[in-house]
Amino acid sequence: MSTTSSLDSHASVSSGTASEAGGIDRLQAAIAPLRQALLGHRVYERLGSLPALRCFMQHHVFAVYDFMSLLKALQQKLTSVSVPWVPSSQPNGARLINEIVLGEETDEDGRGGFTSHYHLYLNAMREVGADTRVIEGIIQRLAAGDPIRDALVAGQAPDAARAFVGDSFQVIEAGDVVALTANFTFGREDLLPEVFHQVVQELDRESGCLSQFQYYLQRHIELDGDHHGPLAHRLLDSLCGDSPEHWARATAAAINALQSRQRLWDGIAEAIDRLA
């Protein structure tokens, strides 16, 4: 497994005050109906064939990609990545986000090496015969300097995926670290272990070349559920503290993130239905 956190040995990392606990409890209560709707979404039961799975992955890979963009935006906000180096003003937050970056950008690949979760996903797509040309072409455009929205349009990203990435980049471009962290925490790290558990249950009914996709899903279930999710919660606690205004911004951002995911799942389910 990837490196385990040593944060519990750092007394300076906040464990959460009573007011912080109240803030996060109220946030979780506010998003509970949206979260439950996502966990019961109809898209999961449509993954019982390889054509449907390929369609799902050709959309979902964009969420895998922009997850890294959210993560890197947080890393820029909370750590020092400039040269000459300047110490971070938020060392606790920097430690938390660097722990997550380590696992997401350089995780174990299951073969004795290391790779990003994006590349794990591409390998899984190739294994099941999903088309990687669209996402890879868009990455090439981005590497050449194209703006993200131009690259998505020119590269013909699926409509639902393009809208989802657009939502994420609205949050990134606004630059509010509280909203970024809430989006990242409750739209990704806190949600994905249970979402991916739903996907794994469907895949278990399907025979075929799914070993790499199942490995990708299991890594997220393990890392996010046991490690990254709790780290993200602690990061949001440390940023919001006992500020009602901060918690209100965090709650609004979490709701928006889950609504965006709902629209993505709706779009994927409709695309799968069109295969029939």
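Residues numbered from 1 in each chain as written. Predicted model: local features only at pLDDT ≥ 70, side-chain atom pairs only at ≥ 80, totals over all residues. Heavy atoms only, no water.

Caption draft 1: The arrangement of the overall build of the protein in detail. Secondary structure summary: the protein contains eleven helices and two strands in total. Starting at the N terminus and ending at the C terminus, the protein contains elements arranged as α-α-α-β-β-α-α-α-α-α-α-α-α. By the burial criterion, 50% of the 276 residues in the protein qualify as buried. In the protein, of all internal contacts separated by at least 6 residues, the share reaching a separation of at least 24 is 76%. (Helix = DSSP H or I, 4+ residues; strand = E, 2+ residues; numbered from the N terminus. Buried < 20%, exposed > 50% of the residue type's maximum accessible area, 1.4 Å probe, protein only. Contact = heavy atoms within 4.5 Å.)

Caption draft 2: Local environment of the layout of surface pockets. Taken as a whole, the largest pocket encloses approximately 200 Å³ of empty space. Listed by contribution, the elements that provide at least two residues to the lining of the largest pocket are α7 (159-174), α8 (177-189) and α11 (244-273). Among the elements that take part in the lining of the largest pocket, α11 stands out by supplying seven residues, more than any other. A per-class count over the lining of the largest pocket returns six nonpolar, six polar and five charged. (1 Å grid on protein atoms, 1.4 Å probe; cavity = no way out; pocket = protein on both sides within 12 Å on 5 of 7 lines; lining within 4 Å. Points joined across faces, edges and corners; volume = space filled by probe spheres on them. Nonpolar A, V, L, I, M, F, W, Y, C, P; charged D, E, K, R; others polar.)

Caption draft 3: Highlighting helix α2 (residues 50-78). The first and last C-alpha atoms of α2 sit 41 Å apart over 29 residues, in line with the 42 Å expected at 1.5 Å per residue. The largest bend in α2 comes to about 30 degrees, at H59. (Expected span 1.5 Å × (residues − 1). Bend = angle between axes of the 7 residues up to and from the residue.)

Caption draft 4: Here's a closer look at the pattern of salt bridges. In total, this model carries 14 salt bridges according to the counting rule given. Two residues, D266 and R42, come together in a salt bridge whose shortest N-O distance is 3.5 Å. Taken together, the residues D266 in helix α11 and R42 in the loop between α1 (18-39) and α2 connect sequence positions 224 residues apart. Classification of D266 by relative accessible area gives partly exposed; the value is 22%. You can call R42 partly exposed: its relative accessible area is 31%. Here E105 and K72 are joined by a salt bridge, their closest N and O atoms 2.9 Å apart. (Salt bridge = Lys/Arg side-chain N within 4 Å of Asp/Glu carboxyl O.)

Caption draft 5: Broad picture of the side chain of T132. Looking at the element boundaries, T132 is found in the loop between α4 (117-128) and α5 (133-143). A polar contact is formed between the side chain of T132 and the side chain of E136, at a distance of 2.7 Å. Leaving out residues up to four positions away in the same chain, T132 has contacts with L122, M125 and R126. (Polar contact = N/O pair within 3.5 Å; in protein donor to acceptor, adjacent residues only side chain to side chain.)

Caption draft 6: Examining unusual backbone geometry more closely. Along the chain, V83 connects to P84 via a cis peptide bond; the corresponding omega equals 0 degrees. Position of P84 relative to the elements: it lies in the loop between α2 and α3 (91-105).

Caption draft 7: Here's a closer look at the nonpolar core. Counting residues in each nonpolar core, the largest one holds 80 residues, and the members touching the most others are F56, M57, F62, Y121, F213 and W265. If one sorts the elements of this core by residue count, α2 sits on top with 17 residues. When neighbours within four sequence positions are excluded, F56 is seen to be in contact with V43, L47, Y121, F213, W265, I268 and I272. (Core = buried A, V, L, I, M, F, W, Y, C linked by side-chain atoms within 4.5 Å.)

Caption draft 8: Spotlight on the packing of α2 against α4. One way to put it is that α2 packs onto α4 with a least axis distance of 10 Å and a crossing angle of 165 degrees. By the criterion of interaxial angle, the relationship of α2 to α4 is roughly antiparallel. In the crossing of α2 with α4, the sense of the turn from one axis to the other is left-handed. Contact residues: L50, L53, R54, F56, M57, Q58, H60, V61, V64 and Y65 in α2; H117, Y118, Y121, L122, A124, M125 and V128 in α4. Looking at the contact of α2 with α4 residue by residue, the class counts come to 13 nonpolar, three polar and one charged. (Axes fitted to C-alpha atoms, helices over the stretch in contact; angles between N-to-C directions. Parallel < 35°, antiparallel > 145°, perpendicular 65-115°, else oblique. Left-handed = near helix turned anticlockwise from the far one by under 90°.)

Caption draft 9: Structural detail: the side chain of T79. Its place among the elements puts T79 in the loop between α2 and α3. There is a polar contact of 2.6 Å between the side chain of T79 and the backbone oxygen of Q75. The contact partners of T79, leaving out residues within four places of it in the chain, are S88, A94, I97 and N98.

Caption draft 10: Representation of the packing of aromatic side chains. One pass over the full model with this rule turns up six aromatic pairs. Centroid distance Y121 to Y216: 4.9 Å. Interplanar angle 80 degrees. Geometry classified as edge-to-face. Linking Y121 in helix α4 with Y216 in helix α10 (residues 211-240), this pair joins segments that are 95 residues apart in sequence. Across this residue pair, the class does not change: Y121 and Y216 are buried. Between F213 and Y216, the ring centres sit 6.4 Å apart and the planes meet at 10 degrees, which makes this aromatic pair stacked. Separated by three residues within a single helix, F213 and Y216 lie in helix α10, roughly one turn from each other. (Phe/Tyr/Trp six-rings, centres within 6.5 Å; stacked < 30°, edge-to-face > 60°.)

Caption draft 11: Expanded view of the packing of α7 against α11. At a minimum axis separation of 9 Å, α7 and α11 run at an interaxial angle of 170 degrees. Judged by the inter-axis angle, α7 sits roughly antiparallel to α11. From α7, A160, A161, F164 and D167 reach across to α11, where they touch S260, R261, R263, L264 and G267.

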